[in-house]
Amino acid sequence: MSKPSGRQMEIEWPDLGITVTANLRDDMAPGVCDVVWNALPIESIHEHGMISGKVIYCATPIRSTLREWMVDRGPGDIYYFNVGQMLIMVHGYTNETLRVNKFAEVIPEDMDKLDQAGEKVWISNYLTHEALRVIFRRKN
């Protein structure tokens, strides 16, 4: 899976009591990793994709046009989408075909927690209409 660079970030949903850890992939996307790392902490509202599958995303203050590691989306992957200045996380199957800047991966032991958070974001977006905060921050 991932070749950890040593840099990790935490993604926390404070209202859900869920936190996951992700390894930054400096080996594949050093520029994007630096841009995101230097912007941390980031607090936003998570949204869930409507027809693209198990995808959650949030707006960020990051402004970068860097394109480095353009790959297909996969569970546990975290991307920076420079057109919309968004951080995107995949918590399961997605039919989205647009390639985006992958820069981090959720650690395998936190995948169940990521999926739980993603399911709760979906419920908050489409059933309860309550905003769910997400915080991205440096872990080390």
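From a predicted model like this one, the values you see are computed outputs, not experimental measurements. Position numbers for residues start from 1 in each chain and track the written sequence from start to end. Predicted model: local features are reported for residues with pLDDT of at least 70 only, side-chain atom pairs are reported and counted for 80 or more only, and whole-chain, interface and lining totals are derived from all residues. Water and hydrogen atoms were dropped before computing side-chain values, which therefore reflect all heavy atoms in the structure.

### Here's the deal with the environment of Glu10
And step 1. Its location among the elements puts Glu10 in strand β1 (residues 8-13).
And step 2. Contacts were defined at the residue level, with two residues in contact if any of their heavy atoms lie within 4.5 Å. Look past the residues within four positions of Glu10 in its chain and what remains in contact with it is Thr19, Val20, Thr21, Ile135, Phe136, Arg137 and Lys139. In this text, helices come from DSSP runs of H or I with a minimum length of four residues, and strands from runs of E with a minimum of two, each type numbered from the N-terminal end.

### Regarding the side chain of Thr94
And step 1. Its place among the elements puts Thr94 in strand β7 (residues 86-94).
And step 2. Relative accessibility decides the category of a residue: with a 1.4 Å probe and only protein chains considered, values under 20% of the type maximum give buried, values over 50% give exposed, and everything between is partly exposed. Residue class for Thr94 comes out buried when judged on its relative accessible area of 13%.
And step 3. The term polar contact refers here to a pair of N or O atoms within 3.5 Å; inside protein, the definition further demands a hydrogen-donor-capable atom paired with an acceptor-capable atom, and it admits residues adjacent in sequence only when both atoms are side-chain atoms. In this structure the side chain of Thr94 is engaged in a polar contact, spanning 3.1 Å, whose partner is the backbone nitrogen of Glu96.
And step 4. Filtering out sequence-adjacent residues up to four positions away, Thr94 remains in contact with Ser52, Gly53, Lys54, Val55 and Arg73.

### Side note on the packing of aromatic side chains
And step 1. Stacked, edge-to-face and tilted are the three classes for Phe, Tyr and Trp ring pairs, Trp counted by its six-membered ring, which pair at centre distances within 6.5 Å; planes under 30 degrees apart are stacked, over 60 edge-to-face, the rest tilted. For the coordinates displayed, the defined rule picks out one aromatic pair.
And step 2. Centre to centre, the rings of Trp122 and Tyr126 are 5.5 Å apart; their planes meet at 45°, and the pair counts as tilted. Note that Trp122 and Tyr126 are positioned in helix α2 (residues 111-128) at a spacing of four residues, about one turn of the helix.
And step 3. Residue class for Trp122 comes out partly exposed when judged on its relative accessible area of 34%.

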